[in-house]
Amino acid sequence: MSTLPLLLKDGYKVGHRFQYPDKTTLVYSNLTPRKSRIPETQEVVFFGLQYFLKEYLIRQFNEHFFRRPKDEVITQYRRRIDSYLGPGSISYQHIADLHDLGYLPLEIKALPEGQLTPMRVPVLTIRNTLPAFFWLTNMLETLMSAILWKPCTSATTAFQYLRTFRQYATKTVGHDMSFVPWQGHDFSFRGMSGIEDAMMSGAAHLLSFTGTDTIPAIDLLETYYNADCEQELIGGSVAATEHSVMCMGTQTDEISTFNRLITEVYPTGIVSIVSDTWDFWQVITSFLPELKQTILARNGKVVIRPDSGDPVKIIVGDPDAPSGTPQHKGAIACLWEIFGGSLTETGYKLLDPHIGLIYGDSITTERQLRILEGLAQKGFASYNVVLGIGSYTYEYVTRDTYGFAMKATYGEVDHIGRDIFKDPKTDDGTKRSARGLLAVHRDPVSDQLVLKDRCTWAEEAQGELKPVFRDGQLLIDQTLNEIRTRLLQQL
């Protein structure tokens, strides 16, 4: 299905062209994260705009609007709106005029993608460049908001995981950070709200990590962010089983399935084996000791994957379980008893490189912290585990997680400017908007981004917001590598 781009909006937007004051010539708006519902996170990672610009404002508008016959698109638009609001509810000349123009007369200024942005600091501004098309600015609010809030939110979440992994790597491993990009693995695809959602969120995950099972996210980054999997590592994974594979091998002969996988199917390399199909602790206490020599002689790593229960208790240990039991010790301590390992430069225990563990069920940032801290308290390095980050993390969010909203703050009527704002008395201050033209600057003392509103046009032209789109053309074409580098520099 291909939808006329001008219909990708809330229904109430249809009539706004006729509701602005007579002789309106300019509408100037911004997109801003207004309030964090996560107290420990007061900055968001800006990401997704280049995808939005290339896919929607350029490709879809060109293919599905400007390059189609005018009569055809006007007929399609009229048919939809006449049936939606009633015949004759609006006129359609402004749509015909836009088609005649042949491009979107808009300017979008934005922060660079990958930039950490404090609450109440706009990530972009948007305005019309021709007076007659003032109605375009806020017509795009619905589409812009729907596309952008999620990749920004997922990129912010992934960055939280990254910070914690690096913190514990520094504490329990030392200077080597090479494994951190693989410690957070995207397991979210099947639980996301559709393919585009999974791709955008998965691409956002890949700003901080390289481990992913969301293959189309790699395609998105190649298509819209100038990445090249033949020249750089965008995202990757390892061979892994699922429960159907283990079940087909039968419960009574499960150890043979393990043996066949690590000696015949994958005699070398990394293979992840789901291990809780029936009895995870039997796998740990019976199968692995029996297969120990085979695993240690193998050129590669066998990764054990528990997939049910409380991940903190499974990995670190359950203090309420009987003393001395594997449940009390936890999986990592049990693996250490079987396979041993070495000490890191900071004195923490690191499993033999032939064995490892990944857990990807219902992992949250809070559980991540408890797992890594629990392991550290028992003397184990953070590199002993990889955590799968799934839809439990990436989908349990909304636009209001960081309060993303697009609002107009300035306009011109007959080319005379007026600052505009909203400040509802029934609100707690979240919905209070900035006023007038906006500029974002870097504070010379704190190095934090700060907003200045009520600017002159000369002031608005300065600062961190740079033109990225003007009159149908992309002005800045960023690469994945640039964005990743920028993000890591802010750790």
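Everything quoted here is computed from the prediction, not taken from an experiment.

About the criteria used
- Residues numbered from 1 in each chain as written.
- Predicted model: local features only at pLDDT ≥ 70, side-chain atom pairs only at ≥ 80, totals over all residues.
- Heavy atoms only, no water.
- Helix = DSSP H or I, 4+ residues; strand = E, 2+ residues; numbered from the N terminus.
- Contact = heavy atoms within 4.5 Å.
- Pairing = 2+ DSSP bridges.
- Axes fitted to C-alpha atoms, helices over the stretch in contact; angles between N-to-C directions.
- Phe/Tyr/Trp six-rings, centres within 6.5 Å; stacked < 30°, edge-to-face > 60°.
- Buried < 20%, exposed > 50% of the residue type's maximum accessible area, 1.4 Å probe, protein only.
- Core = buried A, V, L, I, M, F, W, Y, C linked by side-chain atoms within 4.5 Å.
- Domains from an automatic or database assignment.
- Parallel < 35°, antiparallel > 145°, perpendicular 65-115°, else oblique.
- Nonpolar A, V, L, I, M, F, W, Y, C, P; charged D, E, K, R; others polar.
- Salt bridge = Lys/Arg side-chain N within 4 Å of Asp/Glu carboxyl O.
- Buried area = accessible area lost by both parts, 1.4 Å probe.
- Polar contact = N/O pair within 3.5 Å; in protein donor to acceptor, adjacent residues only side chain to side chain.

Trainee: Would you take a moment to explain the environment of Gly114 for this structure?
Mentor: Checked against the element boundaries, Gly114 lands in the loop between strand 3 (106-110) and strand 4 (116-118). Residues Gly114 and Thr212, 98 residues apart in the sequence, show an inter-C-alpha distance of 19 Å. Contacts of Gly114, omitting those with residues within four sequence positions, involve Val45, Phe46, Ile483, Arg486, Leu487 and Gln490.

Trainee: Where do I start with the sheet that holds strand 1 (residues 24-33) in this structure?
Mentor: Here we have seven strands laid out as an open sheet, ordered 16-15-1-5-3-19-20, and antiparallel in their pairing. Because the sheet does not close on itself, it has two edges, and the strands there are strand 16 (416-419) and strand 20 (473-474). By the bridge criterion, four bridges tie strand 15 (residues 404-413) to strand 16 in an arrangement that is antiparallel. Within strand 16, the position partnered with Tyr410 by the bridge is Asp419. Here helix 1 (residues 49-66) sits on the sheet in contact with strand 3, strand 5 (124-128), strand 19 (466-470) and strand 20, set at roughly 20° to strand 19. Packing against the sheet, helix 5 (residues 141-172) makes contact with strand 1, strand 3, strand 5 and strand 15, and its axis sits at approximately 140° to strand 15.

Trainee: When you look at the packing of aromatic side chains in this model, what are you seeing that I'm missing?
Mentor: Two measures describe an aromatic ring pair: the distance that separates the ring centres and the angle between the ring planes. For the structure on display, the rule yields 19 aromatic pairs. Centre to centre, the rings of Phe61 and Phe65 are 6.2 Å apart; their planes meet at 80°, and the pair counts as edge-to-face. In this pair, Phe61 and Phe65 are both assigned in helix 1, four residues apart and thus about one turn of the helix distant. The pair formed by Phe61 and Phe65 is uniform in burial state, with each residue classed as buried. Each ring, one from Tyr77 and one from Tyr92, has its centre 5.8 Å from the other, and the planes form 85°; the classification is edge-to-face. With Tyr77 in helix 2 (residues 70-85) and Tyr92 in the loop between helix 2 and helix 3 (93-101), this residue pair connects regions lying 15 residues apart in the sequence. Given a relative accessible area of 1%, Tyr77 falls into the buried group.

Trainee: Would you mind showing me how to read the side chain of Thr212 here?
Mentor: With respect to the helices and strands, the residue Thr212 is situated in strand 7 (residues 211-212). With residues up to four places along the chain from it excluded, the contact list for Thr212 reads His185, Asp186, Leu206, Ile218, Gly235, Gly236 and Ser237.

Trainee: Explain the nonpolar core to me, please; I cannot follow it from the model alone.
Mentor: Nonpolar side chains tend to gather and get buried jointly when the protein is soluble and globular. Among the nonpolar cores identified, the biggest contains 138 residues, and Leu49, Phe52, Tyr77, Ile108, Leu124, Leu221 and Ile315 are the most heavily contacted of them. Among the elements that take part in this core, helix 5 stands out by supplying 14 residues, more than any other. In this structure, this core is formed jointly by two domains, domain 1 (5-152 + 402-489) and domain 2 (156-395), each of which donates at least three residues. Beyond its immediate stretch of four places on either side in the chain, Leu221 contacts Phe47, Ala203, Leu206, Asn226, Ala227, Ile234 and Leu480. Of all hydrophobic cores here, the second largest spans eight residues; its members include Tyr28, Tyr410, Ala439 and Cys455.

Trainee: Please explain the packing of helix 7 (residues 195-205) against helix 8 (residues 215-224) as it appears in this structure.
Mentor: Running from amino to carboxyl end, helix 7 crosses helix 8 at an angle of 75°, the nearest separation of the two axes being 8 Å. What the angle tells us is that helix 7 and helix 8 run roughly perpendicular. Taking contact as the criterion, the partners of Met199, Met200, Gly202 and Ala203 in helix 7 are, on helix 8, Pro216, Ala217, Leu220 and Leu221. For the contact of helix 7 with helix 8, the residue count by class is seven nonpolar, one polar and no charged.

Trainee: Which parts of the structure should I look at to understand the environment of Gly374?
Mentor: Take Gly374: it is sitting in helix 15 (residues 365-377). The exposure class assigned to Gly374 is buried, which follows from its relative accessible area of 16%. Distance in space between the C-alpha atoms of Gly374 and Gly211 is 23 Å, their sequence separation being 163 residues.

Trainee: Explain the pattern of salt bridges to me, please; I cannot follow it from the model alone.
Mentor: Pairing between side chains of opposite charge can happen when the charged atoms of each approach one another. Throughout the structure, instances matching the rule amount to 17 salt bridges. With its nearest N and O atoms 3.0 Å apart, the salt bridge here joins Asp197 to Lys150. With Asp197 in helix 7 and Lys150 in helix 5, this pair connects stretches of sequence that are 47 residues apart. One exposure class covers both Asp197 and Lys150, and it is buried. In this structure, the salt-bridge partner of Arg305 is Asp307, at a minimum N-O distance of 3.4 Å. An identical accessibility class is assigned to Arg305 and Asp307; each is buried. Sharing partners across several salt bridges, the network here consists of Glu55, Arg59 and Glu63.

Trainee: What is the right way to read the pairing of strand 18 (residues 449-455) from this model?
Mentor: Walk down a regular strand and you will see the side chains alternate between the two sheet faces. The pairing of strand 17 (residues 437-442) with strand 18 spans five bridges and is classified as antiparallel. Looking across to strand 18, one finds that Val440 is bridged to Leu451. The antiparallel hairpin formed by strand 17 and strand 18 contains six residues in its connecting segment, where Asp447 sits at a positive phi of about 65°.

Trainee: Is there a simple way to think about the sheet that holds strand 8 (residues 239-240) in this case?
Mentor: Strand pairing in a sheet relies on backbone hydrogen bonds. The paired strands run either parallel or antiparallel. Spatial ordering of the open sheet is given by 7-6-14-13-10-9-8, a layout of seven strands whose pairing is parallel. Unpaired on one side and paired on the other, strand 7 and strand 8 mark the two borders of the sheet.

Trainee: Would you explain the domain arrangement of the chain in this entry?
Mentor: Reports often express the size of an interface as the amount of accessible area lost when the parts come together. Split by domain assignment, the chain resolves into domain 1 (5-152 + 402-489) and domain 2 (156-395). The gap between the C-alpha centroids of domain 1 and domain 2 is 40 Å. Listed by partner, the interface residues are 29 residues for domain 1 and 28 residues for domain 2. Carbon and sulfur atoms make up 57% of the area that domain 1 and domain 2 hide from each other, which totals about 2,400 Å². Considering only the surface of domain 1 that becomes buried against domain 2, Tyr51, Lys150 and Arg484 emerge as the three largest contributors, covering 29% of it. The interface formed by domain 1 and domain 2 holds two salt bridges in total. A salt bridge links Glu395 to Lys150; its shortest N-O distance comes to 2.7 Å. Along the contact surface separating domain 1 from domain 2 lie 21 residue pairs in polar contact (both at pLDDT 80 or more). If you list the elements that add at least two residues to the side of domain 1 that touches domain 2, you get strand 2 (43-45), helix 1, helix 5 and helix 18 (480-489). Within the side of domain 1 that touches domain 2, the residues separate by chemical class into 16 nonpolar, six polar and seven charged.

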